[in-house]
Amino acid sequence: MIRRPPRSTPLYSSAASDVYKRQLLVMAIGLATQRVLSEHGLISKIPSGFNSAGLAELIEQGKHKKCLIFCGEKQPQLSFHTPVILDTFSCYKVVDEESDELSQIIENRKAIFLIYNIQTLEVLVRHSQAADLEKMNLIVASPRIQEAAFNHGIKDCVVAESPHDEEMTEAAIKLARS
């Protein structure tokens, strides 16, 4: 015998309606994430600063005691900025594959790398020679990434005005013309 839900119960429930029913606050780290969430019917807040410290400030303003963080495999930087209990859900994995294409790009002295997160920088560093690191041109999304790049011996590293594609690309064009 097959049991069916009553007619008043929908056969499926969207994430948007689940969040709405529970009145959960959704926070997005940036405008692109907020746009995708909006496409799925989720209203979200974004921090004034597009980084973990800005997100921690938004959490503290809301006086939240516990948050669910969708992140990669590593401990999110947010945990260093807030005493709030963070449950994490690992939803992506950094793929670290050595490639012949990467070595050809690294050899091109005119190449400019756009680095949006620390994991990408770490992959680039692992697959590069120390001498190549010194000659790289990077546009990075935050001062924290810039500091890590300097610590790895990368000398030409510029922080974009914001971590959004438009500002990252503008910084790359400016660097290429200089």
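Before reading on, note that the structure itself is shown above.
This write-up is about the structure you can find in this document. (Residues numbered from 1 in each chain as written. Predicted model: local features only at pLDDT ≥ 70, side-chain atom pairs only at ≥ 80, totals over all residues. Heavy atoms only, no water.)

1. Examining helix H5 (residues 118–126)
Operational definition: In this scheme, a residue with accessible area under 20% of its type's maximum is buried, one over 50% is exposed, and one in between is partly exposed, where area comes from a 1.4 Å probe on protein chains only. Counting from the N terminus, the helices are the DSSP runs of H or I reaching at least four residues and the strands are the DSSP runs of E reaching at least two. Any pair of N or O atoms that falls within 3.5 Å is considered a polar contact. Within protein, one atom must be able to donate a hydrogen and the other to accept it, and sequence-neighbouring residues count only if both atoms are side-chain atoms.
Listing the buried residues of H5 in full gives Ile118, Gln119, Leu121, Val123, Leu124 and Val125. For H5, the capping residue at the N-terminal end is Asn117, with a side-chain oxygen 3.3 Å from the backbone nitrogen of Gln119.

2. Remarks on the sheet that holds strand E5 (residues 112–115)
This is how the line gets drawn: Following DSSP output, two strands are said to pair if at least two bridges run between them. Comment: axis = line fitted to C-alpha atoms, over the contacting stretch for helices; angle = value between 0 and 180 degrees taken between N-to-C directions. Whether two residues are in contact is decided by their heavy atoms: any pair within 4.5 Å suffices.
Sheet architecture is open: three strands sit in the order E5-E6-E7, paired in parallel fashion. The sheet is open, and its two borders are formed by E5 and strand E7 (156–159), each paired with just one other strand. In this sheet, adjacent strand axes meet at a mean angle of 20° when their direction is disregarded. Bridging between strand E6 (residues 137–140) and E7 involves four bridges; their strand directions are parallel. By the bridge assignment, Asn137 is partnered in E7 with Asp156. Across the face of the sheet, helix H7 (residues 143–151) comes into contact with E5, E6 and E7 while running at roughly 170° to E7.

3. Concerning the side chain of Ser162
Structurally, Ser162 can be placed in the loop between E7 and helix H8 (165–177). A relative accessible area of 11% means that Ser162 is categorised as buried. At 2.9 Å, the side chain of Ser162 and the side chain of His164 are in polar contact. Those residues within four positions of Ser162 in sequence are excluded, and the remaining contacts are Glu167 and Met168.

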